[in-house]
Protein chains: 2
Amino acid sequence: MKFAKRMERMKASEIRELLKLTAQPDIISFAGGLPAPELFPVQEIAQVSHDLVLKEGRQLLQYATTEGRPALRAKIAQRMADKYNTVVDKDDILITTGSQQCLDFAGKLFLDPGDVVLCESPSYLGALNAFNAYEPRFVEVPTDNDGLIPEELDKILAATPRCKMIYVIPDFQNPTGRTWPMERRRAFMEVVNKYDLPVLEDNPYGELRYEGEILPSLKSLDTKGLVMFLGTFSKIFCPGLRLGWVAAEHKVIEKFVQIKQSADLHTSNFDQGVADAYMESCDLDAHVKDIVALYRHRRDLILKEMAAKFPAGCEWTHPQGGLFLWLTFPEGVSALKVFNKCIEKKVAGVIGDAFYPNDKTDRSMRINFSNMPDDRIAEGVSRMAQAIKECM
Amino acid sequence: MKFAKRMERMKASEIRELLKLTAQPDIISFAGGLPAPELFPVQEIAQVSHDLVLKEGRQLLQYATTEGRPALRAKIAQRMADKYNTVVDKDDILITTGSQQCLDFAGKLFLDPGDVVLCESPSYLGALNAFNAYEPRFVEVPTDNDGLIPEELDKILAATPRCKMIYVIPDFQNPTGRTWPMERRRAFMEVVNKYDLPVLEDNPYGELRYEGEILPSLKSLDTKGLVMFLGTFSKIFCPGLRLGWVAAEHKVIEKFVQIKQSADLHTSNFDQGVADAYMESCDLDAHVKDIVALYRHRRDLILKEMAAKFPAGCEWTHPQGGLFLWLTFPEGVSALKVFNKCIEKKVAGVIGDAFYPNDKTDRSMRINFSNMPDDRIAEGVSRMAQAIKECM
C-alpha cells in the first residue's frame, strides 16, 4: 500500500512516544488537559438525556442538518455576546465534533502544501498536528509574558510569502497559560488588518478566569471579517460529548459547512440535544462558577507548592485562568532529562518541545493543574522538585 | 481571504442546488436516504442513556481514547463475524463519527492531488464528495446488473497509472440497489490481489436483506490485507448518534487512528456508550428484524406501484435489500426534465447524474423507499408516473 505524502509528516513521533509514558496508571500526571470529572453534572445529564429522548426521540435520533441544532446555535450566539462581548448571528455558527475538528477544517479550507501557518511560539500541539495533515510550513511568532508580540508578527508578514492564516490562543494559552492584555489585542488586529490575514482565535478556556475581568475576544474587535472564533463545551460542560463550534463571516461558515458535510455529515444530534436541554433546564453559569472555584483553588495550591519546593532558577507563569502553567528550568538543565527522571519517580508533565513546530529549546515543561486532588498535587510537586534537583 | 485550491472543486454545484429543492417540507420525497424514525427504539434509548450516565458518568463524559470504547469495538467484531463471516480483531477496529468520516479519512490516508480513485459507475455521492477534498482524478469502472465488472477493472488497472484505491459498495449499492453475486466477489478479489490495490468496502446496508442469504464480505475473502471494511449503526440503530467504524489491517488502522486523533480526538463517548449499553441490555437482532420487515414491505409496495403506474419503457432495479432502487427512463426522456416536472408536482427523487463523477447520462433517478408510509409511497409514485408521461 502506498500512502499519501502527508502521512510521512504524521508518523509516530518521539513526542508521541513520550506522551505514552505519561499515561501509565500509577503516575501522578500533570501531563493531560483533562477537566475534573468530579464536577461533571452527572445527575442532571442523566435526567435531561432521558427526558429529551422521550420528548423528541424521532427527530433527535434521525439525521440532522450539517450546520447544527438551531436552538443550540442560538444559545451559543447568546453566550458569546454575554461572555465575550462578541456579537455573531446564530446562522454564522457551525457546530463541530469538538473544537479540534475546527482546526482540521481550517487546515482543509486554507492550506495548500507549502503554505505558511503562523502560530505563537510555543503553541497547542493538537492544532499543529491538525494543520500538519495539509503539509504547511510553520512560522513561529515570538512571544513574551503578555503573549504574541505584534511588532514581530508585522516583521514576519512583511518578509514572508504565502502566509495563509494565523492560529492564536489569546486567553490562558495552551501551553503557557499566558493571556494577551487589551493593548496587545488591539495592536494584533491592526497588524492582521494591514495584511488581511485570516485569524483562527481558539478560545477553549475563556470562561475559566480566576482573577481579573474577561477581556473582549479578537472576534469582537474584528472590523474586516478576518477572525474565526473557535469555542467548545469541553471545559465548561464535558468533553465526552464532542461539542465545539466555529463562528465566522457567513461566506466563511458556508465553506466550513461544505467541508463538514463531506467529512462527517453532522455532529452527534444526541450530544447537541443534551447540551441544549441542559442549558434550557439547568444553570450552566452556576456550574461554571463551581468549576472556576475548584480550579482557582488548585492553581493557587500548585503555585504555592512550586514556590515552596522548586529549586532556585526555575521559573513559571502565573495563569489568570485555564488549565496550564509553563515551567522553565534553569539554564543548563535539560527538560528531557527532567522528564525521564520524573517518569522514574512516577510523576509527569509534557515536555515543552512538543509545542514548538520548528525551534526547540529543551528548557520547558507544560503543567496541568485542573485534574488532580490536593494531596496528589502536593505529592506530585514534591517528586518533580526532587527530579529537577537531581538533574541540576 | 485566499482559500486552498481544493475548495474550487468543493464549491456549490448544480447537484447541490437540485438537492435543496427536494427538501421542501410539502414534498413527497424519495430523494433522501433516511431510516424510518417510527422504528427508533426511543423508550429503550431513553432508559439506557439514563442508567448509563448514572452508572459511569465520570468516565463517559470525560475525554476518551481515540480508538473507541473497547466494549463496543468487541461487540462490533463479534457482529462482523456473526453477520458477514468476517473475522477481525477488536483492536483492528476504529470507531468514527459515522462511516462518512471513514471516507474522508481514507482520502486523507491515500490521496495526493492527481492520484486516481476507482469507483463503480455510478457510485455514492457522499463518498465522491469526501474524496474530492483530496483532489484526485476519478475513474469509473463499468457495471451491469450484477455490479462491478471485474474484467473491466482489470483492463483499467493495466492501463492507468497512479491508481491508489477503489471504493465499492457490494451490497444493495447506493444508488443502484444492486448486489454483487458470490462469483463477482471472488473475481474482483483476484483482480485487486494482482495489483495490490487497497479496497474500501462500504457496507452500510448489509444487514437489511429482504430476500436470499447474506453474502460474505470482500473483507472475509481478503488474503492480502487489502480490504478496509466500513460499517455503521446508522441503518440498524439510529443515525442521530453518529457511529461508524472501519476494520482493517493493524498497520492501516494505526494510520486511521493518527488521522482521527488530529481530526477530532475521538468519537462522542456518550454515543458510543449508548450503543454499547443498548446492545448489552436490549435485542439489536430483534430490532433489525423489525426494520427488515417494514422495509421489505415498502420495497414490495413501491415495486408493485411502479409496475402498475409507470409508462412502458421505464426500467428499474429489484433491490434484494437496502434503501434504494435505480430508475432508468426511456431513451430520449431527460431525467432533469422529469425531475423538474416532479418538483412541480411535489414529488422528488435524486437525479442520477449526481452519482457519476465524470460521465453523465441524464437517464436515471435514485429512489429511496425506506422513509415513507404506504399512502405516501402510492401517491408519490402516481405523481411521478404522471411527470414521466408528460416528459415523453
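Relevant structure appears above.
Read on for an overview of the structure. (Residues numbered from 1 in each chain as written. Chains lettered and ligands numbered in written order. Predicted model: local features only at pLDDT ≥ 70, side-chain atom pairs only at ≥ 80, totals over all residues.)

1. Focus on the overall build of chain A
Our working definition: The secondary structure listing takes helices from DSSP runs of H or I that are at least 4 residues long and strands from runs of E that are at least 2 residues long, numbered from the N terminus. Throughout, the radius of gyration refers to the C-alpha atoms, and the reference size of a globule is 2.2 Å times the residue count to the power 0.38. Three classes are used. A residue is buried when 20 or more other C-beta atoms lie within 10 Å of its own, exposed when 12 or fewer do, and partly exposed in between, with C-beta atoms placed from the backbone. We call two residues in contact when the distance between their C-beta atoms, placed using the backbone, is within 7 Å.
Along its length, chain A carries 13 helices and 15 strands. Here chain A has a C-alpha radius of gyration of 21 Å; the compact-globule value for 392 residues is 21 Å, and the two agree. For the C-alpha atoms alone, the extent of chain A along its principal axes is close to 60 × 55 × 50 Å. When each of the 392 residues of chain A is scored for burial, the buried share is 53%. Summarising the internal contacts of chain A: among those between residues at least 6 apart in sequence, 77% fall at separations of at least 24.

2. Observations concerning the sheet that holds strand β2 (residues 93–96) of chain A
Residues and elements named next belong to chain A. Quick note on the threshold: Think of it this way: DSSP has to see at least two bridges between two strands before they count as a pair. Lines fitted to the C-alpha atoms define the axes, with helices restricted to the stretch that makes contact. Angles between their N-to-C directions range from 0 to 180 degrees.
Taken in spatial order, the seven strands line up as β2-β10-β9-β8-β7-β3-β4 in an open sheet, and their pairing is mixed. Among the strands making up the open sheet, the edge pair consists of β2 and β4 (137–141). For this sheet, the mean angle separating the axes of adjacent strands, direction not counted, is 20°. Both strand β9 (residues 227–232) and strand β10 (residues 244–247) contribute to a ladder of four bridges, which runs antiparallel.

3. Points about the interface of chain B and chain A
Where we set the bar: Basically, the charged four are Asp, Glu, Lys and Arg, the nonpolar ten are Ala, Val, Leu, Ile, Met, Phe, Trp, Tyr, Cys and Pro, and anything else, Gly included, counts as polar.
In this complex, chain B contributes 55 residues to the contact, which on the side of chain A involves 55 residues. Those elements giving two or more residues to the side of chain B that touches chain A turn out to be α3 (42–60), α5 (99–110), α6 (125–132), α9 (250–264) and α10 (269–281) of chain B. Ranked by residues supplied to the side of chain B that touches chain A, first place goes to α3(B) with 10 residues. When grouped by side-chain class, the residues that make up the side of chain B that touches chain A number 29 nonpolar, 14 polar and 12 charged.

4. As for the nonpolar core
Our working rule: Joined through C-beta atoms within 7 Å, a set of buried Ala, Val, Leu, Ile, Met, Phe, Trp, Tyr and Cys residues constitutes a nonpolar core.
Judged by nonpolar contacts, the single largest core of 228 residues is most densely connected at Met228(A), Val246(A), Met228(B) and Val246(B). Not counting residues up to four positions away in its chain, the partners in contact with Val246(B) are Leu94(B), Thr96(B), Cys102(B), Met228(B), Phe229(B), Leu230(B) and Phe256(B).

5. Some details on helix α4 (residues 70–84) of chain A
Residues that lie three or four places apart on an α-helix share one face, since the helix turns once every 3.6 residues. Residues and elements named next belong to chain A. Which entries qualify depends on this criterion: Here a helix's expected span is defined as the number of its residues, less one, multiplied by 1.5 Å. The arc in question is traced by the directions running from the helix axis to the C-beta atoms.
Between the first and last C-alpha of α4 there are 21 Å, a value that for 15 residues agrees with the 21 Å anticipated at 1.5 Å per step. Every buried residue of α4 is listed here: Leu72, Arg73, Ile76, Ala77, Met80 and Tyr84. Mapping the buried residues of α4 onto a view down its axis gives an arc of 145°, with all of them on the same face. Opposite the packed face of α4, turned more than 90 degrees from it, sit the exposed residues Gln78 and Asp82. In the core, the buried residues of α4 are packed alongside β2, β9, β10 and α10 (269–281). Just downstream of α4, Asn85 is the residue with a positive phi angle, here 55°.

6. Some details on the packing of helix α9 (residues 250–264) of chain A against α5(B)
Defined as follows: Working rule for angles: under 35 degrees goes down as roughly parallel, over 145 as roughly antiparallel, 65 to 115 as roughly perpendicular, anything else as oblique.
Relative to each other, α9(A) and α5(B) sit at 105°, their axes nearing to 5 Å. Classed by the angle they form, the pair α9(A) and α5(B) counts as roughly perpendicular. For the pair α9(A) and α5(B), the contacting residues are Ser262(A), Ala263(A) and Asp264(A) in the first and Gln100(B), Gln101(B) and Asp104(B) in the second. Here the contact of α9(A) with α5(B) is composed, by residue class, of one nonpolar, three polar and two charged.

7. A word on the relation of the copies chain B and chain A
Condition: Here the copies are superposed with least squares, the fitted atoms being C-alpha atoms of residues at a pLDDT of at least 70 in both.
When chain B is fitted to chain A, the residual RMSD is 0.0 Å, and the transformation amounts to a turn of 180° plus an axial shift of 0.0 Å. Taken together, these values place the two copies in the relation of a two-fold axis. If distances are taken from each C-alpha of chain B to the rotation axis, the shortest is found for His50(B), at 2.7 Å. Looking at the interface residues of chain B, 100% of them are also at the interface in chain A, so both copies use one shared face.

8. Observations regarding the sheet that holds strand β11 (residues 315–316) of chain A
Residue and element names in this part refer to chain A. An order of β11-β12-β15-β14 is seen for the four strands of this open sheet, with the pairing classed as antiparallel. Every interior strand has two partners, whereas the edge strands, β11 and β14 (350–351), have only one. Here β14 runs beside strand β15 (residues 364–368); their pairing, made up of two bridges, is antiparallel. Among the inter-strand pairings, Val350 is bridged to a residue of β15, identified as Arg366.

9. Regarding the pairing of β10(A)
Residue and element names in this part refer to chain A. The alternating pattern of β10 places Gly244 and Val246 and Trp245 and Ala247 on opposite faces, both of which are buried. Examined bridge by bridge, β2 and β10 share four bridges and lie antiparallel to one another. Across the sheet, the residue bridging to Ile95 is Trp245, located in β10.

10. A closer look at the environment of Gly244(B)
Inspection of the secondary structure puts Gly244(B) in strand β10 (residues 244–247). Measuring from C-alpha to C-alpha, the distance between Gly244(B) and Pro204(B) comes to 8.9 Å, with 40 residues separating the pair along the chain.

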